[in-house]
Amino acid sequence: MLKKLASSTQINMSTKWTQYGFTVAGGNEPGTQLNRLFWPHVIYVDNDDDQTIYIADYGNNRVVKWTSNANSGQIVAGKNGYGYRNDQCNQPTDVIVDKKTNSMIICDWGNKRVVRWPCENAENGQTIISNIDCSGLAMDNNGNLYVSDYKKGEVRRWEKEETNGKLVAGGNGRGNHLNQLNGPTYIFVDQDYSVYVSDNNNHRVMKWVKGAKQGIVVAGGQGLGNSLAQLSNPHGVIVDHLDNVYVADFGNNRIMRWSKGSKKGSIIVGGDEQGHQQNQFSGPIGLSFDRENNLYVVDHWNNRIQKFHVDLT
């Protein structure tokens, strides 16, 4: 499985989305109730289960599952509140679903670990990677797990039963050279096993071809700013089959698309100043597509998940 890949080959540079989204989860003031979220980070859209979404509900120290058209979510990891026990979570930042094992893999950031939880009726999880400042997760078609380490400035790949991950991006100290990362957050792995990394503090997205010793800038890289050539603390990243890069431009409150080789991106949703209207964001941090190429955006400070339909007009 490839994490959050746009599923249809119909998506291309001419694809557009409606500019006004609608809320599919959260949208209220932050809170612990099941109809609320608190600083959500990233979602996983389960296209095999009628667009059920799994949400890393960072501020509530839990992962919640929302079925399509539901008014509230269900806690599937971290029912017992903040903590470091196996039945608790501490500020989770990412979640993916491993279909082969019917389990969730969660970046339990506050506990510096990656944990695996069964998808159904689980009371606790199992730590699979310890002592890591994990921020983002991805999985390739072979079931290998990729994890970004925010503090070390690197991404590693763990094969099954492996105890030490193999370095695939960064790893040369924190910096802005092409062989370095500075605060990598979310990651994406394509069918050729290239790793795309949101290099948060460098305000760029990097592509590391399998086996490469340095990366290529595929979005941003022109310093902090709000021009079409710049990004501001990018987070969520997705790449389609044409190598178009989609980025949650957190500081600029917009979702951008960068075509292969382009020095500038285009705004596909948002960019209308910070706000809580249906065409605005306040810290977009995660994004995903469903099988119909509708766009989901995690609107961090607004404590909601927004869905934008493909514009067929």
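J.: Go over the confidence of the model for the protein chain with me, naming the residues and quoting the values.
T.: Per-residue pLDDT for the protein chain has a mean of 93; in total, 97% of the residues score no lower than 70. A low-confidence stretch, residues 1-9 stays under pLDDT 50, and its non-local contacts, those more than four residues away or across chains, total 47 contacts.

J.: Describe the sheet that holds strand β5 (residues 74-77), listing the residues and the values that go with them.
T.: Overall, antiparallel pairing links the four strands, which are arranged β2-β3-β4-β5 in an open sheet. Each having just a single partner strand, β2 (43-46) and β5 make up the two edges of the open sheet. Within this sheet the neighbouring strands show an average axis-to-axis angle of 25 degrees, counted without direction. Two elements, β2 and strand β3 (residues 52-57), share four bridges in a ladder whose sense is antiparallel. Residue pairing for β3: Tyr-44 is matched across the bridge by Tyr-54.

J.: So, the side chain of Asp-133: which residues are in play, and what are the values?
T.: With respect to the secondary-structure elements, Asp-133 resides in the loop between β9 (126-130) and β10 (134-139). For Asp-133, the contacting residues outside a window of four places in its chain are Trp-109, Lys-112, Ser-148, Asp-149, Tyr-150 and Lys-151.

J.: Could you give an account of the UniProt feature "repeat: NHL" (unreviewed entry) in the protein chain, with specific residues and numbers?
T.: Under the feature "repeat: NHL" (unreviewed entry), the UniProt entry names residues 275-311. With 0% helix and 43% strand, residues 275-311 has its two end C-alpha atoms placed 22 Å apart.

J.: Break down the layout of surface pockets for me, citing the residues and quoting the values.
T.: The computed volume of the largest pocket comes to approximately 370 Å³. Lining the largest pocket are 14 residues, and of these Arg-116, Ile-128, Glu-159, Lys-160 and Glu-161 lie nearest its centre. Taken together, the residues of the lining of the largest pocket break down into five nonpolar, two polar and seven charged.

Thresholds, definitions, all that
In this numbering scheme, every chain counts its residues from 1 along its sequence in written order. In keeping with the model being predicted, local features are shown solely for residues with a pLDDT of at least 70 and side-chain atom pairs are shown and tallied solely at 80 or more, while totals for entire chains, interfaces and linings include all residues. As a rule here, side-chain values come from all non-hydrogen atoms in the structure, and water together with hydrogens is ignored. The pLDDT value expresses, per residue, how confident the predictor is, ranging between 0 and 100. Residue contacts are counted whenever heavy atoms from the two residues lie within 4.5 Å of one another. Strand pairing is defined by DSSP finding a minimum of two bridges between the two strands. Helix and strand assignments come from DSSP, with helices taken as H or I runs of at least 4 residues and strands as E runs of at least 2, each series counted from the N terminus. Whenever a helix is involved, its axis is fitted only over the stretch in contact; in every case the axis is a line through C-alpha atoms, and angles between N-to-C directions fall within 0 to 180 degrees. UniProt positions are given in the numbering used here, feature names are shortened, and annotations may be inferred rather than shown by experiment. Detection works on a 1 Å grid of protein atoms alone, calling trapped sets that fit a 1.4 Å probe cavities and calling open sets with protein on both sides within 12 Å along at least five of seven lines pockets, with lining residues defined by an atom within 4 Å of a point. Grid points are joined across faces, edges and corners, and a volume is the space filled by probe spheres set on the points. All amino acids are sorted into three groups, where Ala, Val, Leu, Ile, Met, Phe, Trp, Tyr, Cys and Pro are nonpolar, Asp, Glu, Lys and Arg are charged, and the leftover types, Gly among them, are polar.

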